[in-house]
Structures are given as C-alpha cells and as structure tokens.
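One letter stands for each residue in the lines below.
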Amino acid sequence: MVIYLSIEVKCPKDNNTMILVLESEKLSDGTVKAYFNYRCPICGFKLEVERIEITRSGEVISIKKTFTPPPSQQH
Ligand SMILES: [Zn+2]
C-alpha cells in the first residue's frame, strides 16, 4: 500500500509537503480500523485519504474501503 507516496500533497495552511501516515485502531468487538492520512509536520494539519474497516463475524471477514482523493493542487 504505497500507491500514494508518489503524490506530493502540500499543506493548505503553510504549503509544506505533507507526509503519509498510517494509523490503526482495534475495537473491542474485533473490528480493525485503519486510516491513511496526510499530516503536515509543521502545523499538524491532517487530511484523510483512505479509511479501511475490517469487520469479522464468525468465519466471515468483510473489508470496507472509503477512498477520499487528495485535493488537486492549485497554483
Ligand atoms: Zn501545515
């Protein structure tokens, strides 16, 4: 999952290059949520790119993906 690394995203607040961060959390019912976010190392501005939700009930595993394309750069 490194497909977004080639896309350079600038922070809308201070125009610094944002870095791609993967965060994940596990809920008590076994659901795993993973987020791909761009984060500005200077001001901490966060931009959600993709959310993956993995739910397991018995033998069935369902994966839900929500994709938010990065905003087009305006110069
Ligand atoms: Zn910033």
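Here we summarise the structure given alongside this text. Everything quoted here is computed from the prediction, not taken from an experiment.

**Thoughts on the overall build of the protein**
Thought 1: The secondary structure content of the protein amounts to zero helices and four strands.
Thought 2: Element order for the protein, N to C, with α for helix and β for strand: β-β-β-β.
Thought 3: In the protein, which comprises 75 residues, the proportion classed as buried is 5%.
Thought 4: Sequence-distant contacts in the protein: of pairs separated by 6 or more residues, those separated by 24 or more amount to 27%.

**Description of the environment of Ile52**
Thought 1: Relative to the helices and strands, Ile52 resides in strand 3 (residues 46-57).
Thought 2: Once the C-alpha coordinates of Ile52 and Ser24 are considered, the two residues, 28 residues apart in sequence, prove to be 9.1 Å apart.
Thought 3: Those residues in contact with Ile52, other than ones at most four positions away along the chain, are Ala34, Ile63 and Lys65.

Criteria and thresholds
For every chain, the first residue of the written sequence is number 1, and numbering continues from 1 along that sequence. Owing to the predicted nature of the model, reporting of local features is limited to residues with pLDDT of at least 70; listing and counting of side-chain atom pairs is limited to 80 or more, with chain, interface and lining totals taken over all residues. Numbering goes from the N terminus for both helices and strands, where a helix is a DSSP run of H or I of at least four residues and a strand is a run of E of at least two. Working definition of burial: number of other C-beta atoms within 10 Å of the residue's own, with buried at 20 or more, exposed at 12 or fewer, and partly exposed in between, all C-beta atoms being placed from the backbone. What counts as a contact is two residues whose backbone-derived C-beta atoms lie within 7 Å of each other.

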